[in-house]
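A structural walkthrough
Read off the chains here:
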Amino acid sequence: MAAAAPVLDLSGVRSVALFGRSVGVLNLQLNSGDLALIDARDLMLAGGFADLCCGLHRPEEGRIRFLQRDWSQQPAEMADALRGLVGRVMSNPGWLRFLDATTNVLLQQIHHTRADFDGLREDAARLAAHFGLPGLPNGPIGELSAGDLVRVGFIRAFVGEPKLVILESPVQGLYQDMVPALLNRLWEVRDRGGGAIWLTRSRMIWDNPLFPATHRLRLDHQGLSAIKAAA
């Protein structure tokens, strides 16, 4: 039986937007069921890398394929549809203060997919319970506590059954109690044939030998480098 195609494949990627004129190069093959833990201390570098993985920037060299499709070759409508299969927790979540919390959570799926709104809301409500909220918040996003904003960010990333989840230091070194619930949802994505990338600045996460990563890498201005054999 032929091996399944990678969920995400970066091959010989060089990006001036990410690395300037340095020699940084990105190579990563994320297969079905993989969880890549990446030590990424530079916040701007981590965000730029995530943008590349989502097809938001075109590299000067190399190829980035998501579900076998080269981001640089996709028409706008197809690229939008593919982004509907990517969940992301951003270091700067970009909440829209003029919209309520529910709309903020569902906006990405509403924009990139044709999924039924009521179905998305039901999925989001289940995720809210999973992440310790009494329900899906529907009031002003600005009235949520810092911890609840983190949980709402998790809901946004996992709603709609993504094939790829990218987390940018999601617990910020502060919310250790949220890690088990987050890992459980990542297992579900991986069990469905998807993959995940966890970018971290937290020693709490990186130094944990039991963290269930299949790849451990470091991202710096030299690119991506493997740290040790897969766990």
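Being a predicted model, the structure only gives us computed values, none of them experimental.

**Examining the packing of aromatic side chains**
- Within the structure shown, the criterion is met by four aromatic pairs.
- Where F131 meets F154, the ring centres are 5.2 Å apart and the plane angle is 55 degrees; that geometry is what we call tilted. Here F131 is found in the loop between helix 5 (117-130) and helix 6 (146-158), whereas its partner F154 is found in helix 6, with 23 residues between them in sequence.
- Take F131: its relative accessible area is 5%, and that puts it in the buried class.

**Comments concerning unusual backbone geometry**
- In the Ramachandran plot, L67 falls in the positive-phi region, its phi being about 50 degrees despite a non-glycine side chain.
- The phi angle at Q68 is positive, at roughly 75 degrees, despite the residue not being glycine.
- In this fold, Q68 is placed in the loop between strand 4 (61-66) and strand 5 (69-70).

**Details of the nonpolar core**
- The biggest cluster of nonpolar side chains holds 41 residues, and the ones touching the most others in it are I155, F158, V171, L186 and W198.
- Sorting the residues of this core by element identifies strand 3 (35-39), helix 4 (101-112), helix 5, helix 6, strand 7 (164-168), helix 7 (179-191), strand 8 (195-200) and helix 8 (203-206) as the ones contributing at least two each.
- If we ignore the near neighbours within four places in the chain, the residues touching I155 are V105, A124, L127, A128, F131, L133 and L136.

**Regarding helix 4**
- Residues A101, T102, N104, V105, L106, Q109 and H112 constitute the buried set of helix 4.
- Tucked inside the fold, the buried residues of helix 4 contact helix 3 (76-83), helix 5 and helix 6.
- Here helix 4 starts with a cap whose side-chain oxygen sits 3.0 Å from the backbone nitrogen of T102, and that cap is D100.

**Quick look at the sheet that holds strand 5**
- In spatial order, the strands read 2-1-4-5; together these four strands make up an open sheet with antiparallel pairing. A strand with exactly one partner marks an edge of an open sheet, and here the two such strands are strand 2 (26-30) and strand 5.
- Pairing between strand 1 (residues 8-14) and strand 4: five bridges, direction antiparallel. Residue pairing in the sheet places L8 in a bridge with F66 of strand 4.
- Where helix 2 (residues 43-53) meets the sheet, its contacts fall on strand 1, strand 2 and strand 4, and the angle it forms with strand 1 comes to roughly 120 degrees.

**Quick word on the pairing of strand 1**
- Across four bridges, the pairing between strand 1 and strand 2 is antiparallel. In the strand pairing of strand 2, L8 is matched with L30.

**Quick word on the side chain of Q109**
- For Q109, the location among the structural elements is in helix 4.
- Its relative accessible area of 3% is what places Q109 among the buried residues.

**Section: the packing of helix 4 against helix 5**
- As a packed pair, helix 4 and helix 5 sit with axes 10 Å apart at the nearest point and diverge in direction by 125 degrees. Here helix 4 lies oblique to helix 5, going by the angle between them. Handedness of the crossing formed by helix 4 with helix 5: right-handed. From helix 4, T102, V105, L106, Q109 and I110 reach across to helix 5, where they touch F117, L120, R121 and A124.
- Grouping the constituent residues of the contact of helix 4 with helix 5 by class yields six nonpolar, two polar and one charged.

**Some remarks on the pattern of salt bridges**
- Scanning the entire structure with this criterion turns up 12 salt bridges.
- Across the salt bridge formed by R121 and D118, the nearest N and O atoms sit 2.9 Å from each other. You can see R121 and its partner D118 sitting in helix 5, three residues apart, about one turn around the helix.
- Where R185 meets E188, a salt bridge forms, and the shortest distance between an N and an O atom there is 3.0 Å. With R185 and E188 both in helix 7 and three residues apart, the pair spans about one turn of that helix.
- Under the relative-accessibility criterion, R185 is labelled buried at 14%.
- Under the relative-accessibility criterion, E188 is labelled partly exposed at 35%.
- What you see here is one network of salt bridges that share partners, running through D39, R41 and R218.

**Considerations on the sheet that holds strand 3**
- The strand order across the open sheet formed by six strands is 6-7-8-3-9-10, and the pairing between neighbours is mixed. Sheet topology places strand 6 (86-89) and strand 10 (223-228) at the edges, where each strand pairs with a single neighbour. Looking at each pair of strands side by side, their axes are set apart by 20 degrees on average, direction ignored.
- When strand 3 meets strand 8, the two strands line up parallel, connected through five bridges. Across the sheet, L37 pairs through a bridge with W198, a residue of strand 8.
- Each of strand 3, strand 7 and strand 8 touches helix 7; the most contacted strand, strand 8, lies at about 150 degrees to it.

Conventions and cut-offs
Residues numbered from 1 in each chain as written. Predicted model: local features only at pLDDT ≥ 70, side-chain atom pairs only at ≥ 80, totals over all residues. Heavy atoms only, no water. Phe/Tyr/Trp six-rings, centres within 6.5 Å; stacked < 30°, edge-to-face > 60°. Helix = DSSP H or I, 4+ residues; strand = E, 2+ residues; numbered from the N terminus. Buried < 20%, exposed > 50% of the residue type's maximum accessible area, 1.4 Å probe, protein only. Core = buried A, V, L, I, M, F, W, Y, C linked by side-chain atoms within 4.5 Å. Contact = heavy atoms within 4.5 Å. Polar contact = N/O pair within 3.5 Å; in protein donor to acceptor, adjacent residues only side chain to side chain. Pairing = 2+ DSSP bridges. Axes fitted to C-alpha atoms, helices over the stretch in contact; angles between N-to-C directions. Parallel < 35°, antiparallel > 145°, perpendicular 65-115°, else oblique. Left-handed = near helix turned anticlockwise from the far one by under 90°. Nonpolar A, V, L, I, M, F, W, Y, C, P; charged D, E, K, R; others polar. Salt bridge = Lys/Arg side-chain N within 4 Å of Asp/Glu carboxyl O.

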